[in-house]
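# Examination of the molecular architecture
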Amino acid sequence: MFEPVPSKVDFVQMERDTLKWWEEQDILTKYLHANDDSATTFSFIDGPITANNPMGVHHAWGRTYKDVFQRYKTMRGFKQRYQNGFDGQGLWIEVEVEKELKLNDKREIEDFGIDKFVELCKERVRRFAAQQTEQSIRLGYWMEWDNSYHTMSDENNYTIWRFLKVCHERGWIYEGTDVMPWCPRCGTGLSEHEIVTEGYQEIVHPGLYVRFPLIGRENEALLVWTTTPWTLAANTAAYVHPDLTYAKARTENGEVLYLLKSRLSELGAGHDVLEEMPGADLVGLRYKGPFDELPVQEGVDHRVVAWKEVKESEGTGIVHTAPGAGKEDFEISKREGLAVIAPLDDFGAFVDGFDWLTGKSVFEVNELIYDSLREKGILHRIEQYPHRYPVCWRCGTELVFRLVDEWFISMSELRSMIAEVAKKVTWIPSFGLGRELDWLRNMDDWMISKKRFWGLALPIFKCECGHFEVVGSETELKERAVEGLEQFEGHSPHRPWIDAIRIECSRCGERVARIKDVGNPWLDAGIVPFSTLGYRHDRAYWRQWFPGDLITESFPGQFRNWFYSLLTMSTVLENAEPTRAIHSYALMRDEKGEEMHKSKGNAIWFEDAAERMGVDAMRWVYCLHNPASNLNFGFGVADEARRRFMITLWNVYSFFITYANIDEFDPRNPAPPVEDRPDLDRWIISELNSLVRDVTRSLDAYATDPACRAAERFVDYLSNWYVRRSRRRFWKSAADEDKLSAHATLYECLVTLNKLLAPVMPFLTESIHRNLERRPGAAESVHLEAWPKENPSHVDPALSDAARLAMRLSSLGRSARSKTGLKVRQPLQKLLVGLRSKNEASALEAVSVQLLEELNVKEVEVMGPETEVSSFEVRADMARVGPKYGRDTPKVLSALSDADPTEVSALVSSGRPVPLGPYLLGPEEVVVNASDKEGYSVASEAGYTVAVTTNVTEELASEGSAREIVHRIQNMRRSAGFDISDRIETFYRGGAAAEAVFEAHDGYIRQETLSDVLTRGESPAAYTESHDLGGAEVTIGVRRL
RNA sequence: GGGCCAGUAGCUCAGCCGGUUAGAGCGCAGUCCUGAUAAGACUGAGGUCCGUGGUUCGAGUCCACGCUGGCCCA
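None of these values were measured; they are calculated from a predicted model. (Residues numbered from 1 in each chain as written. Chains lettered and ligands numbered in written order. Predicted model: local features only at pLDDT ≥ 70, side-chain atom pairs only at ≥ 80, totals over all residues. Heavy atoms only, no water.)

### Here's the deal with a negative patch on the surface
Using the following cut-off: Candidate patch residues must exceed 30% relative accessible area and have no salt bridge, after which like charges are joined if within 9 Å and Val, Leu, Ile, Met, Phe, Trp or Tyr side chains if within 5 Å. Working definition of accessibility: Shrake-Rupley area with a 1.4 Å probe, residue cover restricted to the visible protein chains. Basic side-chain nitrogens of Lys or Arg form a salt bridge, by our definition, when they fall within 4 Å of a carboxyl oxygen of Asp or Glu. Positive charges come from Lys and Arg alone, negative charges from Asp and Glu alone, with His and the N- and C-terminal ends not counted. All charge positions are set by atom: Lys at NZ, Arg at CZ, Asp at CG, Glu at CD. A run of H or I in DSSP becomes a helix once it reaches four residues, and a run of E becomes a strand once it reaches two; helices and strands are each numbered from the N terminus. In this scheme, a residue with accessible area under 20% of its type's maximum is buried, one over 50% is exposed, and one in between is partly exposed, where area comes from a 1.4 Å probe on protein chains only.
A cluster of acidic residues, Glu309, Glu328, Glu331 and Asp444, forms a negative patch on the protein surface. Within the element layout of this structure, Asp444 appears in the loop between helix H12 (431-442) and strand S17 (446-447). Classification of Asp444 by relative accessible area gives partly exposed; the value is 39%.

Spelled out as structure tokens, the structure:
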């Protein structure tokens, strides 16, 4: 006996129960070790999740993929590592800890104590790692949770040292001066990766028009435009576009100004153009700078320089430049030999040499700058200028561009090496490779340093003498250390403890400290295929698991972040691909397709989602989706998944259990051989085996969506055709071979389907498995079962075709019937079927009984020429005609359209070829649709035609009434609260016509309603109702026997 | 300015190797069925498959050039 299954189900409660059962039975441990002795391995490398906040539903999406692929491979018998990872070093952690401590900037962190601060960072990571672990378990994500790796681990950090050492040995590490985007609050530079991700906001800045008086041209000035007033203090040059036309114009108040001709409107009305010239004519002119009185400006030669990127669409076409405060400006300054003035310190305040500006923040000097310009009489105008401007992606502070010393890995040699490695990876979706290569072509050298506290301690020791060294391991550090080892001992290789170490400069012998910088966090994640696989200590183990078989991560961003760092580090260390396949997916949006934001209120918390929609539904939505496109996620779509798929599946399962229990079906007994079962059974078994094949192929290719779509189609077949068509086989009283066959077939379908679904919906399938699978040798958990194997000998395309034909004809038949307005309960005499080709006649033969039942007709007949259908449409079957006749096709088509359709259809339906001038079309090459027929209701589609007779004879009407009566009695049985299998006595009383129906169909009514006897009259002991039967009143009573 | 991706029904999306009559779900209007039932089936309305040109007997599908949107880079 199976546990009875309620038709209504609380999936969420079921998930909680299943979680508890897994825990009690320690199923996870059994799963993790299921393939310990397997010779084949599958190496999944987990991209570490940032352990800085609770997990969201977008994380759940990615973690579902990770889980699904690993579960699938487990069922396939692959040995795996199941190691989860947490990412925990870097600025994003620092920012949150700063908020918790209410610290405002780097100086306050230093006052607070770097050691305490760093410990709190570690503590935060551990806290959220624990929470994310709990959430992941709720998601049904099965990993070896007490073996998760951390990027903040010593091993991870030291392995990065090893990588940096190799880079250094190849000469790729250098310290460079560059203008970098800089966050004055965080006091650190941002790499370009960080700035492009989420770094821009719409901000209103002043658009400032300033006159730069030309030297040697009295009363003439350049009209210059800028949106960053503070940079004027560091101005050293002005750009013009050499090819554009500039104008010299006199304004109403007599000033003579130069600017782009197309921007003359900036001067307002009433100006006179004195002269026009190309920008090239202005190049080389000298001007008086706006802040020449500042000490730093002493001796600076301000001149006009050509630059082809000057835009015509904004400003004046004359761009002020401060090479110490702009990235492109700095590059041009190197080319043109311009003076470079670096105005800002770490916190965005002016450095020494700026007189009254020194010590003031860039954010507070605008008014002072305007006053000074006004005083000098060179301020022309100020306007409001809204534009997109970069902000710090962690704290939202406006960035400044600042001249700094940072550490880089040179990409000039590596670039092409990485590209070659990238090509060895299978990218899913395939455009991933193109994106990665595009990034590789365009990227600059990799800036690896960050002037912060919590992160990889860059093992670079730079001496006053200019020499620097990279330490490659903890052993080397201890060997080289000449000071500070005692303070460091017992600590992780982090600031501040590691900063105590001094080594001896191998060039000059001085004692040298580590540079203060920490590392770019993508180093932390990129080293994982080495650090977590024992690269430094156990090469044999590492070789067993490297390269990985698969990683999966959200692609926006990762091409320049994790994918990039993985490829780079693996190229440097081994010149090998870190993973054989990279699976990636797009972004999650809300149900309306808008970005999810906590502040917008449309974000969904993982816990809410898990408790309201259930994680199986969530996982199903994820897996059904094409990962290359954004996923619009919410409660509505999950609800739909539950209704459309899960409840349908559950209903089939519940149906099976109900009848299996009634019939005491025992799956341990031998089932009838498949080849002896009826067509319907062999058909669904065939579909099942095709499903096994399709799902297996899809998951082998890391594609969940085609697998899920195939499963949906199968469940639809199972529910809306197999069970629907088999119901009477389960209802009937006789326990014969046919019934056993039906039970065995449905059982096999459910058990096999359940395994196929197990990776995607681990909870529902576990619940079904535990109830359904009682056979000897079955695993206690579905997740410990072996993956089903396709049995090709059970796949029969002819059965599939026949079933599809039956479904199609049924659908057309229902369409034809619905036009008559007669209920399906009313039997009709005849069904005429027009087939697309003669070959389908045998298929029709095979399914005609199903059609009779499904459409409630007495006979089915193939439509022939003798059936007098009044009008036909004939068409060529292009899939056959096109390839056969090639360029003659148009002639064949026109000949066919000229022919008489009635004659053509007569030939076709009798299976004879159709002569069309020089051509002879085979009957299978023509498609006939019949559109109308006297006395019939017709429906036609795609070459198939179905017609039903509309005439209801007295006999048919009586039978229809009998069916109606059965229907009413069935409902009464339910209203009376009888059990499905209760036997009853039925009483009836009404007019003569109605009573005649009972008498004429006595056997049928008794059989259908489990009535042992039909009694004319009424009984007080019976549950009694009055019914209107085609205008006549009938009183019916039912009594349990 | 360069690269990548997408554009199919009101919405969200399928559509394999080109086959002439393009599908699903949701939504809308209606009908039916119901011993799987807080489901299900069917019917209907709704489509210049972004545009233009090309290849082909035949193009939603392949090619070229555009347009629009998104992402990335400059």
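### Focus on the protein's contact with RNA strand B
Defined as follows: Residue proximity to a molecule or strand is established when one non-hydrogen atom of the residue lies within 4 Å of it. Think of a polar contact as two N or O atoms within 3.5 Å of one another; within protein, one of them needs to be a possible hydrogen donor and the other a possible acceptor, and neighboring residues in sequence only count if both atoms come from side chains. Throughout this entry, Asp, Glu, Lys and Arg are counted as charged residues, while Ala, Val, Leu, Ile, Met, Phe, Trp, Tyr, Cys and Pro are counted as nonpolar. The remaining residues, Gly among them, count as polar.
Lining the immediate environment of RNA strand B, one finds 49 residues, of which Ser7, Ser719, Arg825, Met878 and Ile980 sit closest. Among the atoms of RNA strand B lying within 4 Å of the protein, the sugar-phosphate backbone contributes 57%. Contact between RNA strand B and Asn720: a phosphate oxygen at 3.4 Å from a side-chain N or O atom of the residue. Between Thr889 and RNA strand B, the recorded distance is 3.3 Å, taken from a side-chain N or O atom to a base oxygen. Among the secondary structure elements, those contributing two or more residues to the surface near RNA strand B are helix H8 (192-198), H12, helix H21 (635-662), helix H23 (704-731), helix H26 (797-820), helix H28 (878-885), helix H29 (889-898) and helix H31 (954-975). Considering every element that reaches the surface near RNA strand B, the biggest residue donor is H21, with 7 residues. Residues belonging to the surface near RNA strand B are distributed by class as follows: 14 nonpolar, 18 polar and 17 charged.

### Focus: the sheet that holds strand S25 (residues 548-554)
Here is the rule we go by: Strands were regarded as paired on the criterion that DSSP finds at least two bridges between them. The angle between two axes is taken between their N-to-C directions and runs from 0 to 180 degrees, where each axis is a line fitted to C-alpha atoms and a helix contributes only its stretch in contact. The contact definition used throughout considers only heavy atoms, calling two residues in contact when any of these lie within 4.5 Å.
Taken in spatial order, the 3 strands of this open sheet run S16-S26-S25, and their pairing is parallel. At either end of the open sheet lies a strand with only one pairing partner, and these are strand S16 (426-428) and S25. Going from strand to strand, the sheet's axes swing by 15 degrees on average, the running direction of each strand aside. Here S25 runs beside strand S26 (residues 579-585); their pairing, made up of 6 bridges, is parallel. From the neighbouring strand, Leu550 faces S26, where its bridge partner is Ala581. Against the sheet, helix H3 (residues 57-75) touches S25 and S26, its axis set at about 140 degrees to S26.

### Structural notes on the pattern of salt bridges
In this structure the tally under the stated criterion is 59 salt bridges. Across the salt bridge formed by Arg495 and Asp499, the nearest N and O atoms sit 2.9 Å from each other. Shared partners join several salt bridges into a network, and the residues in it are Glu96, Lys99, Glu100, Glu123, Arg124 and Arg127.

### Concerning the nonpolar core
Counted only if it meets this: The term nonpolar core refers to a set of buried residues drawn from Ala, Val, Leu, Ile, Met, Phe, Trp, Tyr and Cys, joined through side-chain atoms within 4.5 Å.
If you look at the biggest cluster of nonpolar residues, it comprises 213 residues, and the most contacted ones within it are Ile409, Met618 and Phe633. Excluding residues that lie within four positions of it along the chain, Phe633 makes contacts with Val57, Met588, Arg589, Asp590, Glu591, Met596, Ile604, Met613, Met618, Val621 and Tyr622. One finds Tyr239, Tyr258, Val304 and Phe408 within the second-largest nonpolar core, a separate group that totals 52 residues.

### Comments concerning the side chain of Gln297
Examined against the element boundaries, Gln297 turns out to sit in the loop between strand S11 (272-278) and strand S12 (303-306). Setting aside residues no more than four positions away along its own chain, Gln297 makes contact with Leu232, Ala233, Ala234, Asn235, Phe291, Asp292, His302 and Ile341.

### Regarding the sheet that holds strand S3 (residues 149-150)
In spatial order, the strands read S1-S2-S3; together these 3 strands make up an open sheet with parallel pairing. Each end of this open sheet is capped by a strand with a single partner; those strands are strand S1 (49-50) and S3. Where strand S2 (residues 85-87) meets S3, 2 bridges bridge the pair, whose relative direction is parallel. Its bridge partner being in S3, Phe86 is matched across the sheet by His150.

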